[in-house]
Amino acid sequence: MAEEKARSLLPGMRLDDLLSELQARLQAVLETRDRVHALLDAVVSVGSDLDLETVLRRIVQTATTLVDASYGALGVIGQENSLVQFIPVGLSEEEIARIEHWPHGLGLLGLLIKEPQPLRMAHISDHPESYGFPPGHPPMGSFLGVPVRVRDEVFGNLYLTEKRGGGEFDEEDQAIVIALASAAGVAIENARLYEETRRRETWLRASSEVTTSLLSGDDPDQVLRVVARRAREMSGADMAAISLPDDARENLRVALADGTHAERVVGAHTLMHGSVGGQAFVDGEPRLLADLGESGVVTVFPTDLGLGPVAAIPLGAPGGVRGILTLAKRSGRIPFNPGEVSMLHAFAGQAAIALEVAERRDDAERLGLLEDRDRIAKDLHDVVIQRLFAVAMTLMSAVRLVERPEASSRLQSAIDELDETIRQIRSTIFALQPRGEVDAPSLRAQIVELVEGAKAHLGFMPGLAMEGQLDNRVPPPVAEHLAAVLREALSNAVRHAKAARVDVTVRADVGALTLLVEDDGVGPGDGGRRSGLRNLEERAAALGGTCEVSARESGGTLLRWSVPLDHGP
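Residues numbered from 1 in each chain as written. Predicted model: local features only at pLDDT ≥ 70, side-chain atom pairs only at ≥ 80, totals over all residues. Heavy atoms only, no water.

Caption draft 1: Inspection of the overall build of the protein at higher detail. On a plain count of helices and strands, the protein comes out with 15 helices and 16 strands. Taken across its 569 residues, the protein has 41% of its residues classed as buried. Considering only residue pairs separated by 6 or more positions, the protein has 61% of its internal contacts joining residues 24 or more positions apart. Accessible surface, the protein: about 30700 Å² in total, of which carbon and sulfur atoms supply 52%. (Helix = DSSP H or I, 4+ residues; strand = E, 2+ residues; numbered from the N terminus. Buried < 20%, exposed > 50% of the residue type's maximum accessible area, 1.4 Å probe, protein only. Contact = heavy atoms within 4.5 Å. Areas by Shrake-Rupley, 256 points an atom, 1.4 Å probe, with all protein chains shown as cover.)

Right, here's the structure in full:
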């Protein structure tokens, strides 16, 4: 009886097993269908955006979701097979802050770079190439790595770790991530092409704007501001700065900046030697840094701004560099690639043109000023002086015809005034023909400034007469001594003379420079001025000249300071 009952239950048990197996297979098919649908949705999602950085982050987020990974990252490979960007997903802000540094592409990650093949393991630490994690990194066990290719180029690697539930990544997970990586390569290529097209459009607009500014005669600083702003927009940089060399070409100074924290950058100095901008200036070739914070190289940007990738672009060709355009992105962003740097280098050449146009414009203005001075000097010499001289000769011939002494004296005074006027005009003609830089203060200007500066202390304006080619004939070292002597003489007059009148005469005769300072005060006296006068005497003696202080017949003091000048035209 029992045997018959067991025999009747056997078909039912087999049917249950078959149904259970069928249900399991159906569940596996449904799960596969769901994962395929999820993969298709992921492919559509990854390719739905054209911003490269957004695409890269979306790839990592999608991969972690598809294989149920706790953590994911995309490492972008740069020059020399190193990681130039690391995009993590699954880490909180606190966990990111605790990590001492991002991976550099060594160890297990470096193996994927050297051998771009899928890599899957149950425990990362079991692999002989595993170097461990940087300080502050959370513990991770299971690992799946897949290369991301853009055509024949390995763009980077997808890293997925710590499968949820404590399991391992299986072959199906690997196949799904490989499929996603293939779609990701297409999305990255599309984003690159879009970015390249957008950059070229921006470059054309920027070139047109700069060309229009140059042709319309805009201020060079304004043109350079346009260049900095447009270069930042073309490259997607967060900061842009234009640095110019000092006169000695030993330092670079930021003349203008654009972007976040621009006010902190303007006016910053860096040495020409030892800085990335200085290297670009000397070589005339662009210089790139993948990460400012880890390079240790000096740039024009403060280190506390959180900047990473940096590009230094010379303004001009090698041998004729006029400045440096420096661009920077926030830390963690994709470094500048050679293609966009080449375009920026060509665009920066327009900034060099702006600087050259400004220099040529300044040269033209200086030339125009010199031509105007030369014309005025010729008119004064050929017309004004000749007429005054003729008037003086006429008056001199009329003096003999005047019988009244008062009238004769007045005519003689007028003749003397005309002679003095002619001497002053000749002196002015010499001043209109400077020997040095147009913008440099001339000796005459220094003398006028010192005399006018004494007015406030004396209570009246001293008299001033200048004769001869002071700006042409007096060498700079002698001019410095003369200015110092005049300053001391006026100071003595203010402190000791108690004068109501002070007259200053500076004369450059053939072979000598003479300074006369006269006052109608109390006279030289016996003491109180010896230390100051000794200084004047020593200056004269150092130049082979003399210094004399004497009393005037009508009262007061006469200082005569004279030094030799070389004979010249």
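Caption draft 2: Summary view of the packing of helix α12 (residues 443-458) against helix α14 (residues 476-497). Contact geometry of α12 with α14 gives a least axis separation of 10 Å together with a crossing angle of 15°. With respect to α14, the element α12 is oriented roughly parallel. Our pair here, α12 against α14, has a crossing hand that is right-handed. Where α12 approaches α14, its residues Leu-443, Gln-446, Ile-447, Leu-450, Val-451, Ala-454, His-457 and Leu-458 are matched on the opposing element by Ala-479, Leu-482, Ala-483, Leu-486, Arg-487, Leu-490, Ala-493 and Val-494. Here the contact of α12 with α14 is composed, by residue class, of 13 nonpolar, 2 polar and 1 charged. (Axes fitted to C-alpha atoms, helices over the stretch in contact; angles between N-to-C directions. Parallel < 35°, antiparallel > 145°, perpendicular 65-115°, else oblique. Left-handed = near helix turned anticlockwise from the far one by under 90°. Nonpolar A, V, L, I, M, F, W, Y, C, P; charged D, E, K, R; others polar.)

Caption draft 3: Fine view of the sheet that holds strand β11 (residues 323-330). Reading across from one edge, β8-β7-β6-β11-β10-β9 is the order of the 6 strands in this open sheet, with antiparallel pairing throughout. With partners counted over all chains shown, the strands left at the sheet margins are β8 (269-271) and β9 (287-289), one partner each. Across this sheet, the average inter-strand angle for adjacent strands is 25°, counted without regard to direction. Lying on the sheet, helix α6 (residues 220-235) is in contact with β6 (239-245), β7 (251-259) and β11; it crosses β7 at an angle near 65°. Packed onto the sheet, helix α8 (residues 276-283) meets β6, β7, β9, β10 (307-315) and β11 and runs at close to 160° relative to β9. (Pairing = 2+ DSSP bridges.)

Caption draft 4: Seen up close, the side chain of Lys-329. Topologically, Lys-329 is positioned in strand β11. Using a relative accessible area of 5% as the deciding quantity, one classes Lys-329 as buried.

Caption draft 5: Quick look at the packing of aromatic side chains. Scanning all chains against the criterion turns up 1 aromatic pair. Positioned over the ring face of Phe-336 is Lys-329, at 4.7 Å from the centre of the ring. (Phe/Tyr/Trp six-rings, centres within 6.5 Å; stacked < 30°, edge-to-face > 60°. Lys NZ or Arg CZ within 6 Å of the ring centre and 35° of its normal.)

Caption draft 6: Spotlight on unusual backbone geometry. Even without glycine at this site, His-261 takes up a positive phi of about 60°. Position of His-261 relative to the elements: it lies in the loop between β7 and α7 (262-265). We classify His-261 as partly exposed; its relative accessible area is 39%. Its identity as a non-glycine residue notwithstanding, Lys-498 has a phi of 55°, on the positive side. Relative to the elements of secondary structure, Lys-498 occurs in the loop between α14 and β13 (502-509).

Caption draft 7: How the structure looks around the pattern of salt bridges. Using the criterion set out here, one finds 11 salt bridges in the structure. One salt bridge connects Arg-230 with Glu-233, and the closest N-O pair in it is separated by 2.9 Å. Linking Arg-230 with Glu-233, this pair stays in helix α6, spanning 3 residues, or about one helical turn. Among the residues examined, Glu-233 registers a relative accessible area of 30% and is labelled partly exposed. For Asp-503, the salt bridge is made with Arg-501, and the minimal N-O distance between the two is 2.9 Å. (Salt bridge = Lys/Arg side-chain N within 4 Å of Asp/Glu carboxyl O.)

Caption draft 8: Representation of the nonpolar core. Judged by nonpolar contacts, the single largest core of 36 residues is most densely connected at Ile-447, Leu-470, Leu-486, Val-506, Leu-513 and Leu-515. Those elements giving two or more residues to this core turn out to be α12, α14, β13, β14 (512-519), α15 (530-542) and β16 (557-564). Among the elements that take part in this core, α14 stands out by supplying 10 residues, more than any other. When neighbours within four sequence positions are excluded, Ile-447 is seen to be in contact with Leu-464, Met-466, Leu-470, Leu-482, Leu-486 and Val-506. Val-60, Val-67, Phe-169 and Leu-180 belong to the second-largest nonpolar core, a separate cluster that totals 30 residues. (Core = buried A, V, L, I, M, F, W, Y, C linked by side-chain atoms within 4.5 Å.)

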